[in-house]
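Listed below, chain by chain, are the residues.
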Amino acid sequence: MKNICVVGVGYVGLVTGTCFADLGNRVTALDINEERIENLKRGVLPIYEPGLEEMVKRNVSSGRLSFTTSYAEALRDAEFAFIAVGTPEGVDGEADLQYVRAAAEAIAEAMAAPLIIVNKSTVPVGTGDWVAEIVRAKQPAPMPFSVVSCPEFLREGSAIADFMNPARTILGSLDHDAANRVADLHLPLRAPILVVDLRTAEMIKYASNAFLATKISFINEIANVCEALGADVKEVATGMGFDPRIGRQFLDAGLGYGGSCFPKDVKALAHMANVQGKHPQLLQAVMDINHDQRRLVVSKVRELLGDLDGKVIGLLGLAFKPNTDDMRDAPSIEIAQHLQTGGARVQGYDPVAMTAAGRHMPRVRLCEDAYEAANGADALVICTEWNEFKQLDFERLKGTMRDTAIIDGRNLYDPAQMHRLGFRYRGMGRGYNGNGYSQP
Ligand code: NAD
Ligand code: UGA
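Definitions and limits used
Residues numbered from 1 in each chain as written. Chains lettered and ligands numbered in written order. Predicted model: local features only at pLDDT ≥ 70, side-chain atom pairs only at ≥ 80, totals over all residues. Heavy atoms only, no water. Helix = DSSP H or I, 4+ residues; strand = E, 2+ residues; numbered from the N terminus. Rg over C-alpha atoms; globule rule 2.2 N^0.38 Å. Lys, Arg positive; Asp, Glu negative; His and termini not counted. Charge placed at Lys NZ, Arg CZ, Asp CG, Glu CD. Expected span 1.5 Å × (residues − 1). Buried < 20%, exposed > 50% of the residue type's maximum accessible area, 1.4 Å probe, protein only. Contact = heavy atoms within 4.5 Å. Near = heavy atom within 4 Å. Polar contact = N/O pair within 3.5 Å; in protein donor to acceptor, adjacent residues only side chain to side chain. Areas by Shrake-Rupley, 256 points an atom, 1.4 Å probe, with all protein chains shown as cover. Domains from an automatic or database assignment. Buried area = accessible area lost by both parts, 1.4 Å probe. Salt bridge = Lys/Arg side-chain N within 4 Å of Asp/Glu carboxyl O. Nonpolar A, V, L, I, M, F, W, Y, C, P; charged D, E, K, R; others polar.

Digging into the overall build of the chain
Scanning the chain for helices and strands turns up 17 helices and 14 strands. For a compact globule of 440 residues, the expected C-alpha radius of gyration is about 22 Å, and the chain comes in at 24 Å, within 12% of that figure. With respect to the three principal axes, the spread of C-alpha positions in the chain is 75 × 45 × 40 Å. Between the centroid of the 46 positive side chains of the chain and the centroid of its 55 negative side chains there is a distance of 2 Å.

Side note on helix α11 (residues 262-275)
Here α11 spans 20 Å end to end across 14 residues, near enough to the 20 Å set by a 1.5 Å rise per residue. Most of α11 sits out of view: 10 of its 14 residues are buried. Of the residues making up α11, those classed as buried are F262, P263, K264, D265, V266, A268, L269, A270, M272 and A273. Where α11 is buried, its residues touch α9 (198-229) and α12 (281-305). Just downstream of α11 lies G277, where phi reads positive at about 80°.

Overview of the site of ligand 1
Around ligand 1, the structure places 29 residues, and the nearest of them are V12, D31, Y71, T87 and K264. Interatomic distance of 3.0 Å between a backbone N/O atom of Y11 and an oxygen atom of ligand 1. Measuring from an oxygen atom of ligand 1, one finds a side-chain N or O atom of R36 at 2.8 Å. In isolation ligand 1 has 840 Å² of accessible area, and contact with the protein removes 91% of it. Breaking the shell around ligand 1 down by element, the ones donating at least two residues are α1 (11-22) and α5 (98-110).

A look at the environment of I117
Residue placement: I117 occurs in strand β5 (residues 115-119). Each C-alpha atom of the pair I117 and V286 lies 34 Å from the other, and the pair is 169 residues apart in sequence. Excluding anything up to four places from it in sequence, I117 contacts A81, I83, I107, V135, F145, S146, V147 and V148.

Quick notes on the domain arrangement of the chain
We note that the domain assignment places domain 1 (3-196) and domain 2 (231-426) within the chain. Domain 1 and domain 2 are separated by 33 Å when their C-alpha centres are compared. Opposite the 17 residues of domain 1 that make contact, domain 2 presents 17 residues. For the pairing of domain 1 and domain 2, the buried interface totals around 1400 Å² over both sides, and the portion due to carbon and sulfur atoms is 54%. It is Y48, E89 and E156 that lose the most area in domain 1 upon contact with domain 2, and together they represent 40% of the buried surface on that side. The tally of links between domain 1 and domain 2 comes to 2 salt bridges. The tally of links between domain 1 and domain 2 comes to 7 residue pairs in polar contact (both at pLDDT 80 or more). Per-class residue counts for the side of domain 1 that touches domain 2 are 8 nonpolar, 4 polar and 5 charged.

Structural notes on the site of ligand 2
Surrounding ligand 2, one finds 20 residues, the nearest of these being F153, L154, E156, K205 and C261. The backbone of F153 places a nitrogen or oxygen atom 2.7 Å from an oxygen atom of ligand 2. Within the contact set of ligand 2, an oxygen atom lies 2.7 Å away from a side-chain nitrogen or oxygen of K205. Protein coverage of the free-state accessible area of ligand 2, which is 700 Å², stands at 91%. Looking at the shell around ligand 2, the elements that each hand over two or more residues are α9 and α11. No other element matches the 3 residues that α9 contributes to the shell around ligand 2. A breakdown of the residues in the shell around ligand 2 according to their chemical character gives 9 nonpolar, 3 polar and 8 charged. Two domains each provide a minimum of three residues to the shell around ligand 2, namely domain 1 (3-196) and domain 2 (231-426).

Here it is as structure tokens:
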């Protein structure tokens, strides 16, 4: 049992703190957002993440997990302080480190005993050293501490499973004693542990996210060629994926990547390269392709409906991916804006992200379910591949729509079946030209 403080109770901090508590440690989770902390004390979570609410309640009742807004209280007995605050996109595409700075300063001012500061936020290479400088400068009296980078690789929607069964644990520090103590915390997870220097650990995180984003843009580029030549990108991805050197994961063509991480992290990595006078041309292409995919969906709507003025479009799925309520950089937001700019009225439905959607897309009419989102619509656009959209009552759906266009931004459906059902269907890279599969 170790005493751990987690700074920031968002997607990463809340999952990290709760999982460490579940592993038997005593965790105090801290946030400057008083409302979040008050709600958490009452068992109300700030985010939707499958399984998390039950796990939080269990660990709070057992006395292993508590919440506070006080750094002094959170650090009183802590041996480790995990920083898990946000690092959003700054004005020039760089990572905005204001929250990391504030957290480092507050830790320095409040720490009353030697401490290992573990950085879990995704931060530019060199940030660990910078955090150490801040802490040193802000301590009222010198107190030993060490900074260890421990990047997080969990995905929203499967965060608990990802945290508890990581593919690897990366630790960055030249202080081997500190790294070993952080490694000990992770031993129950039984994943390979790689200890490297701070900067290398920070780069492993960016390179990993950028590589996954590259896979997505790669398959989206292939999808567009497939579509022109009459091939089906879903089968192409399956066929490629059998090769263990390639792998099937992250080869789903569609609207491209969204969310709070890939978009900002690829941009921040490109920014770091540019600042060093390097020319990150692959990263630039990855971003360009991703950007184009959202526009491509809108052009498919136009292709089927013509002028958008006065048309009604239903969006199925609004969150950036299934099993989360996170709307940060969700493709649905930009798609809705383009459709509205063209004069269309947009209505949408998401199984869990409706509250967040209301904030991000105030001009979209929010509906009770998929069928209401289809009601009176000229076209439906599938933005998020939630399970409940996989086997809809298509006859009912068609009966309620004004026209029969479906633009499947996540390739959920079988094009031939949708055609048989009487829909005018467009997937992403499915080689379907409207009259059947096109021949090369
Ligand atoms: P988030 O926005 O969900 O949560 C951040 C939390 O930090 C908020 O509750 C905020 O109030 C709090 N905070 C801000 N400043 C603070 C301060 N000075 N002291 C205490 N609390 C403070 O962020 P997130 O999505 O959990 O991401 C956190 C970091 O982890 C980012 O760097 C992100 O890139 C990285 N990351 C995120 C994910 C993910 O799936 N979301 C996965 C891996 C890594
Ligand atoms: C991603 C990474 O997968 C995590 O390892 C990482 O920790 C996290 O970013 C982070 O650094 O924050 P996340 O953004 O939660 O996790 O979700 P993903 O499942 O990676 O999906 C990201 C986006 O890519 C989504 O919009 C998704 O729809 C899209 N995607 C994913 C595709 O378009 N195709 C795919 O094949 C896979």
